[in-house]
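Structure assessment
These are the residues of each chain, in order.
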Amino acid sequence: WRGREAAPYSTLLPSDEVTINYRHGLPVITLMLPTRSERCQFTVKPVVTTVGAFLQDVQREDKGIERAEVFATDGTKVSDATLMEVLLMDDFKLVINNTAYNVSPPVKDKLSSEHATEMEDIKSLVHRLFVALHLEDHQIRKERELLQKLDHLKGELLPLEQMKARIMDSADAKTSRLLWVGLALMSTQGGALAWLTWWVYSWDIMEPVTYFITYGSAMAFYAYFVLTKQDYIYPHAKDRQFLHYFYRKSKKQHFNVERYNKLKDDLAEAEESLRRLRQPLHLRLPIQEINGKD
């Protein structure tokens, strides 16, 4: 309701000039069209029809109507955005041109709890239908936003991906060189021990040496476990050394690993949202259930 005072009108007619009856659960407003001099019925949907929409229907029916407004009994003007369901709860004045009509809506019987529940179900169904009818526009708009976000993320990731590829190639090359150096050292050690055993000394002399070399290797592996909390398994050791070279090279070239990971997560989230958007059956499913089905 808006606190605007009613404009003056010259004629005030009784309520029987405008009647309201309920037919099939919907209010039917019957009134006299001033120019056409005939009674006309307007069936309104109180849940979705506003006062402004009803007045427009009246003016469209009779082109001679220059003014159509609704006022409360205290003289305040009723907003055009007010739903007819709210308007029909109390008496009101309908002003057409310079004529005002006193309107008294009939008192509806109080709905039973079962009927009220049924009406709530119907309202919920109407709401879902409204959402379904406008879902396509929402999908198109949302898809456009996601595509723009994907293009933006890919544009930011492109230089980072190129830098990451160069750093990974460098780290992989260093790790491979380290493995080959280890193999060369082990081969050299084996050859030296064989040469010392058969050509320089005897096995009696070299046996304690090989024992301490083996014991020293065991101590080195145990020290690796103490420092890393992992067993010395060759693939794991290789990956650990690769990461060491990768992060050291990233720091030198100012490659922000955290920002790169954040962009990758945002890109994966946007792609998943786009995939769900393009599969209407998945729109209302939780992400855990979708992953379980995939």
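Note that the coordinates shown come from a computational prediction; the quantities given were computed from them, not determined experimentally. Residue numbers here run from 1 along each chain, matching the order of that chain's written sequence. The predicted origin of the model limits local features to residues at a pLDDT of at least 70 and limits the giving and counting of side-chain atom pairs to 80 or more, whereas totals for whole chains, interfaces and linings rest on all residues. The basis for every side-chain value is the complete set of heavy atoms in the structure, and neither hydrogens nor water enter the calculation.

**With respect to the UniProt feature "transmembrane region" (unreviewed entry) in the protein chain**
Mapped onto this numbering, the UniProt entry gives "transmembrane region" (unreviewed entry) at residues 178-197 and 209-227. Along residues 178-197, the helical share is 100% and the strand share 0%, with 28 Å between the first and last C-alpha atoms. Secondary structure across residues 209-227 comprises 100% helix and 0% strand; the distance between its end C-alpha atoms is 27 Å. UniProt positions are given in the numbering used here, feature names are shortened, and annotations may be inferred rather than shown by experiment. Strands here are runs of E lasting at least two residues and helices are runs of H or I lasting at least four, both read from the DSSP assignment and numbered beginning at the N terminus.

**Quick word on a nonpolar patch on the surface**
A cluster of nonpolar side chains, Trp195, Trp198, Trp199, Val200, Tyr201 and Ile205, forms an exposed patch at the surface whose accessible area comes to about 800 Å². When residues of the nonpolar patch are assigned to their parent elements, the largest contribution, four residues, is made by helix H4 (residues 135-200). Within the secondary structure layout, Ile205 lies in helix H5 (residues 203-228). Patches here: salt-bridge-free residues with over 30% relative accessible area, like charges joined within 9 Å, nonpolar side chains (Val, Leu, Ile, Met, Phe, Trp, Tyr) joined within 5 Å. In this description, accessible areas are obtained by the Shrake-Rupley approach with a 1.4 Å probe, and a residue is regarded as covered only by the protein chains that are shown. Salt bridge, as used here, is a side-chain nitrogen of Lys or Arg placed within 4 Å of a carboxyl oxygen of Asp or Glu.

**A closer look at the side chain of Thr197**
The topology assignment puts Thr197 in helix H4. Contacts described as polar in this section are N or O atom pairs within 3.5 Å, which, within protein, must combine one atom able to donate a hydrogen with one able to accept it, while residues neighboring in sequence count only if both atoms come from side chains. Looking at Thr197, its side chain comes within polar contact range of the main-chain oxygen of Leu193, at 2.6 Å. Setting aside residues no more than four positions away along its own chain, Thr197 makes contact with Ser202, Trp203 and Met206. What makes two residues a contact is simply this: any of their non-hydrogen atoms within 4.5 Å.

**Notes on the nonpolar core**
Only buried residues count toward a nonpolar core, which is a set of Ala, Val, Leu, Ile, Met, Phe, Trp, Tyr and Cys residues joined through side-chain atoms within 4.5 Å. Buried residues are those whose accessible area, probed at 1.4 Å on protein chains only, stays under 20% of the maximum for their type, while exposed residues exceed 50% and partly exposed ones sit between those limits. In terms of nonpolar packing, the biggest core is built from 24 residues, with Leu31, Phe54, Val70, Phe92 and Leu94 touching the most fellow members. Contributions of two or more residues to this core are made by strand E3 (26-33), strand E4 (38-43), helix H1 (51-61), strand E5 (68-72), helix H2 (84-87), strand E6 (92-96) and strand E7 (99-103). Sort the elements by how many residues they give to this core and H1 lands first, with four residues. Core analysis: the second largest hydrophobic core is formed by 19 residues, Tyr260, Leu267, Leu274 and Leu277 among them.

**Some remarks on the environment of Gly64**
Relative to the assigned elements, Gly64 resides in the loop between H1 and E5. Gly64 sits 28 residues away from Arg36 along the chain, and the two C-alpha atoms are 8.3 Å apart. Excluding its chain neighbours within four sequence positions, the residues that come into contact with Gly64 are Thr35 and Asn97.

**Observations regarding the pattern of salt bridges**
Here the structure, examined in full by the defined rule, presents seven salt bridges. The closest approach of N and O atoms between Lys264 and Glu161, which form a salt bridge, is 3.4 Å. Separated by 103 residues along the polypeptide, Lys264 in helix H7 (residues 257-277) and Glu161 in helix H4 bring together distant segments of the chain. Accessibility expressed as a relative area gives 28% for Glu161, which makes it partly exposed. The partner of Lys262 in a salt bridge is Asp266, with the nearest N and O atoms 2.8 Å apart. Of this pair, Lys262 and Asp266 both sit in helix H7, separated by four residues, roughly a single helical turn. Residue classification places Lys262 among the partly exposed positions, given a relative accessible area of 47%.

**Focus: H5**
What a helix should span is 1.5 Å times the count of its residues minus one. Spanning 26 residues, H5 covers 37 Å between terminal C-alpha atoms, matching the ideal 38 Å at 1.5 Å per step. Listing the buried residues of H5 in full gives Met206, Thr210, Tyr224 and Thr228. In the segment just after H5, Lys229 is the residue with positive phi, at about 60°.

**With respect to the packing of aromatic side chains**
Each Phe, Tyr or Trp ring (for Trp, its six-membered ring) is paired with any other whose centre lies within 6.5 Å, and the angle between the two planes then decides the class: stacked below 30 degrees, edge-to-face above 60, tilted in between. Summed over the entire model, instances satisfying the criterion amount to seven aromatic pairs. Residues Phe246 and Phe255 carry aromatic rings whose centres are separated by 6.3 Å and whose planes lie at 80° to one another, so their mutual orientation is edge-to-face. Classification of Phe246 as buried rests on a relative accessible area of 9%. With relative accessibility at 5%, the residue Phe255 sits in the buried group. With a centroid separation of 5.7 Å and 50° between ring planes, the pair formed by Phe255 and Tyr260 is classed as tilted.

**Considering the sheet that holds E4**
Strands pair, by our definition, only if DSSP identifies at least two bridges between them. Strand order in the open sheet formed by three strands is E2-E3-E4, and the pairing between neighbours is antiparallel. In this open sheet, the two edge strands, each paired with only one partner strand, are strand E2 (19-23) and E4. Strand-to-strand twist of the sheet, defined as the mean angle between neighbouring strand axes without regard to direction, takes the value 30°. Pairing between E3 and E4: six bridges, direction antiparallel. Residue Met32 lies in a different strand from E4, and its bridge partner there is Arg39. Strands E3 and E4 of the sheet are contacted by H1, whose axis makes an angle of about 145° with E4. Note on geometry: axes are C-alpha line fits, over the in-contact stretch for helices, and angles between N-to-C directions span 0 to 180 degrees.

**Some remarks on the side chain of Thr175**
Relative to the assigned elements, Thr175 resides in helix H4. A relative accessible area of 1% places Thr175 in the buried class. Once you skip the residues sitting within four places of it in the chain, Thr175 turns out to touch Lys238, Gln241, Phe242 and Tyr245.

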